[in-house]
Amino acid sequence: MIIERFNLKAQEVLERASRFAVKREHRFLTPWHLLWSLLSEGSPLRGALGAAGVDLRLLGIRVDAFLLAQPKAQAGDATTPINRSLERVFVMADELSHASEDKYIGPQHLLLGLLEDKEVGGAVAEVGGAPSASGMRDKVTQAVRSMPTAKAAPAAAKAAGKGEPQPATGPS
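Residues numbered from 1 in each chain as written. Predicted model: local features only at pLDDT ≥ 70, side-chain atom pairs only at ≥ 80, totals over all residues. Heavy atoms only, no water.

## Quick word on the overall build of the protein
Across its full length, the protein carries nine helices and zero strands. Each helix and strand of the protein, placed in order from N terminus to C terminus, yields the pattern α-α-α-α-α-α-α-α-α. A buried classification covers 41% of the 172 residues belonging to the protein. Taking all contacts inside the protein whose residues are at least 6 apart in sequence as the whole, residues at least 24 apart take part in 72%. Split by element, the accessible area of the protein, about 9100 Å² in all, is 54% carbon and sulfur. (Helix = DSSP H or I, 4+ residues; strand = E, 2+ residues; numbered from the N terminus. Buried < 20%, exposed > 50% of the residue type's maximum accessible area, 1.4 Å probe, protein only. Contact = heavy atoms within 4.5 Å. Areas by Shrake-Rupley, 256 points an atom, 1.4 Å probe, with all protein chains shown as cover.)

Here it is, written out as structure tokens:
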């Protein structure tokens, strides 16, 4: 199973997205929930998206709009399953981790996998000023590759995120 290959940081991202979906009583866990989690305060990937030219404020507004329109779970639903689009994101993240010869799937693989999603990739490209999702993917890939090492990442993320508004739904 792919989730078994998630490193601790990727597991935390998925857990935060899952909790958010459950608290909001959403029927499914979607790529938008995962993006919401990746945009959370302190995420080094916020800095990578900003460095790639993504307007984080506008992206937060897009994420909020999509999440507000999510269908609610039915009374009596015991689980919040992932939807098919998020399954594809996980498969893409797995392929990207293999291609980069990484043993585990990290948050950076999840972000790059999200950019392969038609809706999310298109929205990120639009608020990033890229002519296409593939152009945005290339810019974000470069920004992710130039991210500082794990020890320096928290300070860099904090510096990159200063002054950037969080999505209005905010962390749960």
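## A closer look at the packing of aromatic side chains
Here a ring pair, both rings aromatic, is described through the centre-centre distance and the interplanar angle of the planes. With the rule as written, the count across this model stands at three aromatic pairs. Taking the centre distance of 5.3 Å and the plane angle of 85 degrees together, the rings of Phe6 and Phe90 count as edge-to-face. Of this pair, Phe6 sits in the segment before helix 1 (8–23) while Phe90 is found in helix 5 (residues 84–99), placing the two residues 84 residues apart along the sequence. Among the residues examined, Phe6 registers a relative accessible area of 2% and is labelled buried. Considering the side-chain rings of Phe20 and Trp36, the 4.1 Å spacing of their centres and the 20 degrees angle between planes classify their relative orientation as stacked. Of this pair, Phe20 sits in helix 1 while Trp36 sits in helix 2 (residues 31–38), and the two are 16 residues apart along the sequence. For the residue pair Phe20 and Trp36, the accessibility class agrees, reading buried in each case. (Phe/Tyr/Trp six-rings, centres within 6.5 Å; stacked < 30°, edge-to-face > 60°.)

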